[in-house]
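Commentary on secondary and tertiary structure
Each chain, written out:
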Amino acid sequence: MAASLEAPTAARTTLKIGALLMRLAVLVLGLLLTLVTGAASLAPIPPSNRAALIHERLTEANLNRDHVMVVAHRAGWKKDGVVVRAENSFAAIDHAVSTGVEMVELDVRRSKDGTLVIMHDETLDRTTSCQGKVVEFTLAELRTCRLLVEGDRRPTDEHVFTLEEAMLHARGRILINIDNKLEPEALVEVADLARSLGMTDGVLLKMAVWNAERLQLARDIRRAIGAEFAFMPILADDAVTEPAFIDRTQSVLGAPAAELVHWYRDSSEPITSDGGPLLSPLARAAAVRNNTHLWINTYPITDRPEGMVAGGRGDYLALSTGRPEDVWGFFIERGVTIIQTDEPEAVIAWLDAQGLRRSYELTN
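As a convention, each chain's residues are numbered from 1 in the sequence order in which they are written. Only residues with pLDDT of at least 70 are given local features in this predicted model, and only at 80 or more are side-chain atom pairs given and counted; all residues enter the totals for whole chains, interfaces and linings. Heavy atoms from the whole structure form the basis of all side-chain values; hydrogens and water molecules are not counted.

On to the overall build of the chain, then. Scanning the chain from N- to C-terminus turns up twelve helices and 13 strands. Among the 364 residues that make up the chain, the fraction classed as buried is 49%. A sequence separation of at least 24 residues applies to 69% of the contacts in the chain between residues at least 6 apart. Values of accessible area rely on a 1.4 Å probe in the Shrake-Rupley scheme; residue burial ignores everything except the protein chains shown. Roughly 17100 Å² of accessible area belongs to the chain as shown, and the carbon and sulfur atoms make up 58% of that amount. Helix and strand assignments follow DSSP, with helices taken as H or I runs no shorter than four residues and strands as E runs no shorter than two, numbered in order from the N terminus. A simple rule labels every residue: compare its accessible area, found with a 1.4 Å probe on the protein chains alone, to the largest value its type can have, and call it buried under 20%, exposed over 50%, or partly exposed in between. Residue contacts are counted whenever heavy atoms from the two residues lie within 4.5 Å of one another.

This paragraph deals with the state of the cysteines. Our working definition of a disulfide is a cysteine sulfur pair at a distance within 2.5 Å. Inspection of the entire model under this criterion finds one disulfide. Here cysteine 130 is linked by a disulfide to cysteine 145, with a sulfur-sulfur distance of 2.1 Å. Because the sign of the S-S torsion sets the handedness, a value of about -100 degrees for the bond joining cysteine 130 and cysteine 145 places this disulfide among the left-handed ones. Placement of the pair is cysteine 130 in the loop between β5 (116-118) and α4 (139-142) and cysteine 145 in the loop between α4 and β6 (146-149), with a sequence separation of 15 residues. The exposure class assigned to cysteine 130 is buried, which follows from its relative accessible area of 13%.

Let us now look at helix α12 (residues 344-353). Of all the positions in α12, only Pro344, Val347, Ile348, Trp350 and Leu351 are classed as buried. Buried positions in α12, seen along its axis, are confined to an arc of 165 degrees and lie on one side of it. If you follow the buried residues of α12, they end up packed against β1 (69-72), α3 (90-99), α11 (328-333) and β13 (336-341). At the C-terminal side of α12, glycine 355 shows a positive phi close to 70 degrees. This arc is built from the directions going out from the helix axis to the C-beta atoms.

Bringing the pairing of strand β10 (residues 230-236) into the picture now. Of all seven residues that make up β10, seven are buried, and the element is covered over most of its length. The alternating pattern of β10 places Ala230, Met232, Ile234 and Ala236 and Phe231, Pro233 and Leu235 on opposite faces, both of which are buried. Whether a crossover is right-handed depends on one test, that the path from the first strand over the helix to the second runs clockwise when the strands point away from the viewer. Where the polypeptide runs from strand β9 (residues 203-208) across helix α7 (residues 212-225) and back to β10, its parallel neighbour, the crossover connection is right-handed. When DSSP finds at least two bridges between two strands, those strands are taken to pair. In terms of strand pairing, β10 meets strand β11 (residues 257-261) through three bridges, oriented parallel. Residue leucine 235 lies in a different strand from β11, and its bridge partner there is leucine 260. With helix α8 (residues 243-253) bridging β10 and its parallel neighbour β11, the resulting β-α-β unit is right-handed.

Axes here refer to lines fitted to C-alpha atoms; in helices the fit is confined to the stretch in contact. Angles between the N-to-C directions go from 0 to 180 degrees. Packing of α7 against α8 brings their axes to within 10 Å, and their N-to-C directions diverge by 15 degrees. What the angle tells us is that α7 and α8 run roughly parallel. The two elements α7 and α8 meet at a crossing, and its hand is right-handed. Taking contact as the criterion, the partners of Ala212, Leu215, Ala218, Arg219 and Arg222 in α7 are, on α8, Phe245, Arg248, Thr249, Val252 and Leu253. Angles below 35 degrees are treated as roughly parallel, those above 145 as roughly antiparallel, those between 65 and 115 as roughly perpendicular, and all remaining angles as oblique. Left-handed is the label given to a crossing in which the near helix is rotated counterclockwise from the far helix by less than a right angle, and right-handed is the label when the rotation is clockwise.

Next up on the list: the pattern of salt bridges. Whenever Lys or Arg places a side-chain nitrogen within 4 Å of a carboxyl oxygen from Asp or Glu, that contact is recorded as a salt bridge. Here the structure, examined in full by the defined rule, presents 23 salt bridges. Residue aspartate 66 is joined to arginine 358 by a salt bridge in which the shortest nitrogen-to-oxygen separation is 3.0 Å. Of this pair, aspartate 66 sits in the loop between α2 (50-59) and β1 while arginine 358 sits in the segment after α12, and the two are 292 residues apart along the sequence. The partly exposed category is assigned to aspartate 66, whose relative accessible area is 40%. Where lysine 206 meets glutamate 259, a salt bridge forms, and the shortest distance between an N and an O atom there is 2.9 Å. With lysine 206 in strand β9 and glutamate 259 in strand β11, this residue pair connects regions lying 53 residues apart in the sequence.

Turning our eyes to something else, we now look at the packing of α3 against helix α5 (residues 163-170). Taken N-terminus to C-terminus, the directions of α3 and α5 make an angle of 25 degrees; their axes are 10 Å apart at the nearest point. Taken together, the axes of α3 and α5 lie roughly parallel to each other. Between α3 and α5 lies a crossing whose hand is right-handed. Mapping the contact onto sequence places Phe90, Ile93 and Asp94 in α3 and Glu165, Ala166, His169 and Ala170 in α5. Polar here means any residue other than Ala, Val, Leu, Ile, Met, Phe, Trp, Tyr, Cys and Pro, which are nonpolar, and Asp, Glu, Lys and Arg, which are charged; Gly is therefore polar. Class assignment of the residues belonging to the contact of α3 with α5 gives a composition of four nonpolar, one polar and two charged.

Before going further, it helps to spend a moment on the confidence of the model for the chain. Per-residue confidence from the predictor is reported as pLDDT, a score between 0 and 100. On average, residues of the chain carry a pLDDT of 87, and 86% of them reach 70 or more. When the criterion is pLDDT under 50, residues 1-47 qualifies, and its contacts beyond four places in sequence or with other chains add up to eight contacts.

A large share of strand β8 (residues 175-180) lies buried, amounting to six of its six residues. Of the two faces of β8, both are covered, the one formed by Leu175, Asn177 and Asp179 as well as the one formed by Ile176, Ile178 and Asn180. Two strands pair when backbone bridges link them, and strand β4 (residues 103-110) and β8 are joined in this way by six bridges, in the parallel orientation. Within β8, the position partnered with valine 108 by the bridge is asparagine 180. For β8 and β9, the ladder comprises two bridges, and the chain directions are parallel. Residue pairing across strands places asparagine 177 opposite leucine 204, the latter belonging to β9.

Okay, here's the thing in structure tokens:
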């Protein structure tokens, strides 16, 4: 009987010793890995949801006026004035994320069968391998249209994609600035889609406002989409000239930003000297009072004078003459804290050099 009990006891002892040795080996291996990767562990932890951090800065303008946000026009398709990637493409979105851009502008249209798709022009001719109007193609047909790099018409591996696919591709990494090419009421559909994807803080919706009637329509749409979405007016100084209207618009809409269009006038004043009524001290005071960013566009418009929407002070002037302070710096001095541009890399590099950017790295 004693011998039969002794054998199992010895076996259990052997198993315990083996288990202890295994645990010790794991601990030693863990220590070695810690020593080997220790330097990497000191690196900043990347944000798990960068878009949420961007959204926070967007909606708290008065807390973030020391940081100028950058929006990539058509998702960022140019460099030094040359088209280098397909506009409104996944490749452009990815590049914008990698360079630190806060938002990509994407243009929204509708297919023949009613799906919201990404396309700037009314037709497919310029930017895809297809010809014809977007609205005359079903989604299945649009998926056969390959995106091209404008200029040399170089085909890419990407095809026309839906707004939903664009949202999913950008989700958590960057905000989408929706340029709605449809009726204003389509913004409600865009908001519903974003809500279904859990992206209420991932998009910025907007519409042009130029008088009281238009402001009422914007207010109605604002209510329909919900207060949880960022929604802003587009104000152009050919119609909006009174700071009081700017103040009222920002207040009524609860807007985190106001996109400003400072029209180029004529050759008698090739570049603006003061920024016009939308960038006056009173307009800036209205922005502070309403906790609102001021936004300027410095990208060029095809077949129009340089700086058409920025009083002549466009990206080309900044880059071709080496005068970024007369473009981006000019507007920042007048209270602008968001710049939409075709040259996001150059803008960010210049802002960094001026100390006008803050990191989005998480801190503990």
